[in-house]
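# Observations on the three-dimensional arrangement
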Amino acid sequence: MEWFNDFWSTYSTLVFSVGVHALLALSIWLTLSCGLLSLANAAFMGIGAYVAALLTVNLDWSFGTVLLAGGIAPALVALIIGAPVLRLSGVYLAMATLAFGEVVRITVLNLEITGGPEGLNGIPLATEGWHIALILAITVYGLARLRRSKVGRAFEAIKEDEVAARLMGINVDRYKLLAFSLGAFIAGVAGALNAHFTFFISPREYGFENAVDILTMAVLGGTSSLIGPMLGSSILTLLPELLRSLQDFRSLVNGAVLVLVVLFLPKGLWESRRIKAFFKRLKGGQA
Amino acid sequence: MRFLPSLPKSLVLVSALAAAGLAQAADIKIGVAAALTGGAAQYGVAIRNGFQLAADEINAQGGVNGNKIQLVVEDEQGKKEEGINVFKKLIFQDKVLMVFGPTLSNSMFAAGPVANGAKTVVFGTSVTASGITDIGPYVFRNSVMESDVLPVTVATATKHYKLKQVAVIYGNDDAFTKSGYDVFKKVLEDQKLPVTTTETYVKGDVDFKAQLTKIKATNPDAVICSCLAEEAANIMLQARGLGIKAPFIGGNGFNSPKLFEISKLAGEGTFVGSPWSNTNPAPANKAFVAAYVKKYNAEPNQFAAQAFDALHVAAAALHEVKLSGDLAADREALKNALPKATINGATGPFKFRAAVTKTGKPGGWDADQKPFIYVVKGGKFTAFEGK
């Protein structure tokens, strides 16, 4: 067991990050699965992180309620801004959600209680491995069930053809709002978890760059299934650590790997159809 | 099943490697976490160079009590998660005696508690934010805080220019410029210097004419600027363009020779305070500058100088420590010896001062050092000879 203790004391934060990033990638996968290109997830993560951290530091709430509050707060914000914003589609929605992200960032910068640009430090360590594992498991199970449910089919229909879906009697606006708020909830919980193992949060962590990072994770892994986003986020989190021995060339190789994946696997790493075909060919070869 | 037999072999290999590591126990392993890539790389690389230079120098003179110093340098990219990862790797895997870094205050707020929790000394050389040493008793820094530098800068400039009122401009969305402004504000209140107007901008702005026109209308005797070098150059040039003749007073962000190359004569008469001076004639500094230029073929900066001094401070403490080989005991011994360490280094005479924490709990150790005050003459920093 000693090697495990050594491993865990060195890499626990990295493993935590993998889990949190998986949650974030799943949160954007949810909105993508409803055909919404929303870039607000970094901002939702920020809202969750700040709400949770402030509750812990100032009011000393229990960690469970803090996590729940960290999810509900951004979900409420998503419900409020969702109604006007979700009337947009495609790149226009992306732009509007990006603008929303900026609004959140600048608000946090100018508030007294959030510590402004200097951020919030001294957040106690509360996140443990099993918290993340449990929440991730519940999320994956919930989303897997959701996909096969009436709601999931409605999301799929809206993604494929919004007009046709509307004609079939699907309440498009309401389902879009549901996907948007659920995504915000997951991102908020991820933010709350993250804030409680990094001791410190600042507004710059939830800006444009992170919004794009989250999208990259989902797209790199592939958005056709739940495995894709988790695979993508794990790779993007672990790759820089695995390449640490390359020292100065690390960023270069990291970037090159991403370019190659996008060039040769434009639909992402995990595309169910391609992987099934691969196994079929493998079987065919043996027979 | 065919894979299984090879597993014990690899375990043997790993333990052999571990034993090889133990065999050279005479080396003192010291971790350095610096931002070598990313936005903060301009500071991180200078910091690494400073440490490397100091380690080479110490080792060339026979090391510390005969033990050579071995630096383990890791890139923390200026990100908080990376900072934590690197700290954990250095402390738990590389089993270093102490860690230097990280480069940015933000990363320190995230990574510092890791080291403090592992009862390992963490020593920041470039982290100036207030509250850093609140993290715990294992946190040290030789980075001089703005709250130690700015009172001297402002008092010196007030006396020299006989200032009666000043205007203030600062970036309100950056941790560094905002905290600098907070200190300026307090200093101006303490020194009873009236402020005519306070203007703000955000990172990336290039046009400051609106703010400067307002400043001009209030007719201040000097303009206090808590800005990074990028924006400061434009602010100075545009101020002169609008006919503002008042001199500038800057914070740590002004400590860049480039700034005054770009702003040319617009920056004449600017007062800046710094923990380090390129032109400081003290022999320790002259030797440092010469050695740095020789090794890296580039001019050193404040960050390199502070890193260089930091390792010498640690070496001074290590001289007093008898290393037992038991890592936890050695780390504790170093923590107890470090506060007493003093040197006369590139940044001048240095000693530690117990930090005053907000919570009243025992905190870490801040730098107790006198800043250098410069006035800019002919586009160059010139040590100010006060009368």
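What this report covers is the structure whose coordinates are included nearby.

As a further point, take the overall build of chain A. Of regular secondary structure, chain A possesses twelve helices and two strands. Counting helices and strands in the order they occur from the N terminus, chain A gives α-α-α-α-β-α-α-α-α-β-α-α-α-α. Scaling as 2.2 N^0.38, a compact globule of 287 residues should have a C-alpha radius of gyration of about 19 Å, and chain A matches this with 20 Å. Counting across all 287 residues of chain A, residues that qualify as buried make up 46%. Within chain A, contacts between residues at least 6 apart in sequence are counted, and of these 78% link residues at least 24 apart.

A few words now on the nonpolar core. Of all hydrophobic cores here, the largest spans 198 residues; its most connected members are Leu23, Leu24, Ala25 and Ala52 of chain A together with Phe87, Val99 and Val223 of chain B. Top element by residues in this core is helix α8 (residues 172–198) of chain A. It accounts for 14 residues. In terms of domain composition, this core takes at least three residues from each of domain 1 (6–144 + 281–370) and domain 2 (147–274) of chain B. In this view, Leu23 of chain A contacts Ile135, Leu136, Thr139, Ile186, Val189 and Ala190 of chain A; residues no more than four positions away in its chain are not counted.

Here the focus is the interface of chain B and chain A. Taken together, the contact pairs 20 residues of chain B with 18 residues of chain A. Of all elements in the fold, only α3 (80–93), α4 (105–117) and α6 (175–190) of chain B reach the threshold of two or more residues within the side of chain B that touches chain A. Its residues assigned to classes, the side of chain B that touches chain A shows seven nonpolar, six polar and seven charged.

Glancing now at unusual backbone geometry. All names here are of chain B. Here the bond from Gly101 into Pro102 is cis, since omega is -15°, no more than 30 degrees from zero. For Pro102, the location among the structural elements is in the loop between β3 (98–100) and α4. Positive phi, normally seen in glycine, also occurs at Asn65, with a value near 50°. Structurally, the position occupied by Asn65 is in the loop between α2 (41–60) and β2 (69–75). Looking at Asn65, the number of C-beta atoms within 10 Å reads 14, which means it is partly exposed.

Parameters and conventions
Residues numbered from 1 in each chain as written. Chains lettered and ligands numbered in written order. Predicted model: local features only at pLDDT ≥ 70, side-chain atom pairs only at ≥ 80, totals over all residues. Helix = DSSP H or I, 4+ residues; strand = E, 2+ residues; numbered from the N terminus. Rg over C-alpha atoms; globule rule 2.2 N^0.38 Å. Buried ≥ 20, exposed ≤ 12 C-beta atoms within 10 Å, placed from the backbone. Contact = placed C-beta atoms within 7 Å. Core = buried A, V, L, I, M, F, W, Y, C linked by C-beta atoms within 7 Å. Domains from an automatic or database assignment. Nonpolar A, V, L, I, M, F, W, Y, C, P; charged D, E, K, R; others polar.

Note that all results are geometric; they support no functional claim without further evidence.
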